[in-house]
Amino acid sequence: MFLVQRRNILKEYKLYLDESINTEKQIILVAGFAIREKDIDFLKEQIHKAKTILWTENYINSHDTILHCTELATIKNNRKNKLLYSYIKRNEYKFFQSIEPNLIKDKIDGVTEQIRKTISTLDITILGCIIDINKYKEYYSKEQKDDIYNIAIQNIIENYAHFLKNQNAIGDIVYESRDEHKTINSADIKMYHNYCKTLINNKGILNINNLEIRKRIRSFVTISKHTENAGIELADYIAFYLIKSLFIDTDQKSDIIKTMEKKLYNGGFKVIEKDVRNYFGLRQIPFDYEELKRKNAEIHTLKNRLRNIKREKNKLIKKVDVLIKEKRELEYTIKELEKKQKNLNNT
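Each value, and the rule that gives it
- Each chain carries its own residue numbering, running from 1 in the direction its sequence is written.
- With the structure being a predicted model, the display of local features is reserved for residues of pLDDT at least 70 and the display and counting of side-chain atom pairs for 80 or more, all residues being used for whole-chain, interface and lining totals.
- Working from all heavy atoms in the structure, the side-chain values ignore hydrogens and water.
- A patch consists of residues whose relative accessible area exceeds 30% and which take part in no salt bridge; residues with like charges are grouped when within 9 Å of each other, and nonpolar side chains (Val, Leu, Ile, Met, Phe, Trp, Tyr) when within 5 Å.
- A 1.4 Å probe and the Shrake-Rupley method give the accessible areas. Residues count as covered only by the protein chains that appear here.
- Salt bridges are defined as contacts in which a side-chain nitrogen from Lys or Arg sits within 4 Å of a carboxyl oxygen from Asp or Glu.
- The positive count covers Lys and Arg only, the negative count covers Asp and Glu only, and His and the chain ends enter neither.
- All charge positions are set by atom: Lys at NZ, Arg at CZ, Asp at CG, Glu at CD.
- Elements are defined by DSSP. Helices are runs of H or I of four residues or more, strands are runs of E of two residues or more, and each kind is numbered from the N terminus.
- Accessibility here uses a 1.4 Å probe with only protein chains present; expressed as a share of the type maximum, an area under 20% marks a residue as buried, one over 50% as exposed, and anything in between as partly exposed.
- Note on pairing: two strands pair once DSSP finds at least 2 bridges between them.
- Whenever a helix is involved, its axis is fitted only over the stretch in contact; in every case the axis is a line through C-alpha atoms, and angles between N-to-C directions fall within 0 to 180 degrees.
- Should any heavy atoms of two residues lie within 4.5 Å, those residues are counted as being in contact.

**Side note on a positive patch on the surface**
(1) Moving on: Residues Lys303, Arg307, Lys310, Arg311 and Lys313 make up a contiguous surface patch of positive charge.
(2) Moving on: Locating Lys313 in the fold gives a position in helix H12 (residues 289–346).
(3) Moving on: Accessibility expressed as a relative area gives 52% for Lys313, which makes it exposed.

Given below as structure tokens:
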């Protein structure tokens, strides 16, 4: 009798990445999502569905139609501006010039809601890295802006490899091109060389060795900004809204941001047991120890206030107990006096 050994078939993933920058705050964010290759066709269907809110099927089939979140948000914010045309860069968005402001808002909000539903429905995992440029330069170097992106990618590669290992999977990385001119010194070439060094270097990356990275990550490719790609288009939305979420209070976060935060990688742990999404899902570089110190000081102050409130509460409870006792004694005294008064009246 022969026993047939079942093959250990690895899952296959793709990690789509894009970037966003807040020039005022000097914050760079690189982020995207990992998705099973078997789910990519469904992803394409959902992104196509979002596009039909803006364009007809005939237009989509005969033109390049790329969802670009930043430009759509700019158009929405300037929909009542007489100079709206000056904010429209892509040919496929020119039609916004001829429709009413309310309809512009409805259409762009409709696309955003469809993207939110797509993120919610799909089994995806979001990974990213935030870099505070000013703090990074203060802590490390003042002349390494290109390296900042590479450091973000390295941290994402580390967490992606960790994710793939947890999933018993292998995967690829797809990144929207930062430079259309592929010269030897282009940003894309430097980024690819940095990835190759990560594979070759015996040290690998901080917490993941190069053997694990080689075993888990098969390739790193860049795609032109002008190429339609459902994965990159969704990654564009993720990067846009995640960097926006950094400057919004919790009670003001939109539904799409809340949906994204639920999908952040948590290192394989259940969030209810251990929430480490700010390390595995959206890592911050450099880690702000000063901010941590301030928050710890605030927590210490709040704890002291809470203790004082509890002390005051206990004092008030004791006072109330005394008053209740005095009340009962007075009530008893009153009843006794009423009895005596009644007896006197009967005599």
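Additional details are given in the paragraphs that follow.
**Looking at the sheet that holds strand E6 (residues 282–285)**
(1) Moving on: Strand order in the open sheet made by the six strands is E5-E4-E1-E2-E3-E6, with mixed pairing throughout. The open sheet has two edge strands, strand E5 (217–223) and E6, and neither has a second partner. Mean inter-strand twist for the sheet, computed between neighbouring axes without regard to direction, equals 20°.
(2) Moving on: Note: strand E1 (residues 11–22) against strand E2 (residues 27–36), ten bridges, orientation antiparallel. Paired with Glu19 across the strands is Val30, a residue of E2.
(3) Moving on: Here helix H9 (residues 230–245) sits on the sheet and contacts E1, E2, strand E3 (124–132), strand E4 (169–176), E5 and E6; the angle it forms with E1, its principal contact strand, is near 45°.

**Side note on the pattern of salt bridges**
A side chain with one charge can pair with a side chain of the opposite charge if their charged atoms come near.
(1) Moving on: For the structure shown, the criterion picks out 20 salt bridges.
(2) Moving on: When the shortest N-O distance is used, the salt bridge between Lys14 and Glu37 registers 3.0 Å. In this pair, Lys14 is assigned in strand E1 and Glu37 in the loop between E2 and helix H1 (40–51), connecting sequence segments 23 residues apart.
(3) Moving on: Overall, Glu37 belongs to the partly exposed group, its relative accessible area being 27%.
(4) Moving on: Measuring nitrogen to oxygen at the nearest pair gives 3.5 Å for the salt bridge that ties Glu176 to Lys225. A residue pair is termed long-range when its members are at least 10 positions apart, and Glu176 in strand E4 and Lys225 in the loop between E5 and H9 qualify at 49 residues.
(5) Moving on: Given the relative accessible area of 29%, Lys225 is considered partly exposed.

**With respect to a nonpolar patch on the surface**
(1) Moving on: Judged by side-chain polarity, Leu83, Tyr85 and Tyr87 come together as a nonpolar surface patch covering roughly 300 Å² of accessible area.
(2) Moving on: Turning to its location among the elements, Leu83 is positioned in the loop between helix H3 (69–77) and helix H4 (101–121).

**Thoughts on unusual backbone geometry**
(1) Moving on: Along the chain, Ile285 connects to Pro286 via a cis peptide bond; the corresponding omega equals -10°.
(2) Moving on: Of note, Gln26 is a non-glycine position whose phi angle comes to about 60°, a positive value.
(3) Moving on: Look at Gln26 and you get partly exposed, because its relative accessible area is 23%.
(4) Moving on: Look at Asn168: it is not a glycine, yet its phi comes out positive at around 50°.

**A closer look at the pairing of E2**
(1) Moving on: Across the ten residues of E2, nine count as buried, placing the element largely inside the fold.
(2) Moving on: Linking E1 back to E2 in an antiparallel pair, the connection comprises four residues, with Gln26 at a positive phi of about 60°.
(3) Moving on: Judged from the nine bridges that link them, E2 and E3 form a sheet pairing that is antiparallel. Paired with Ala34 across the strands is Thr125, a residue of E3.

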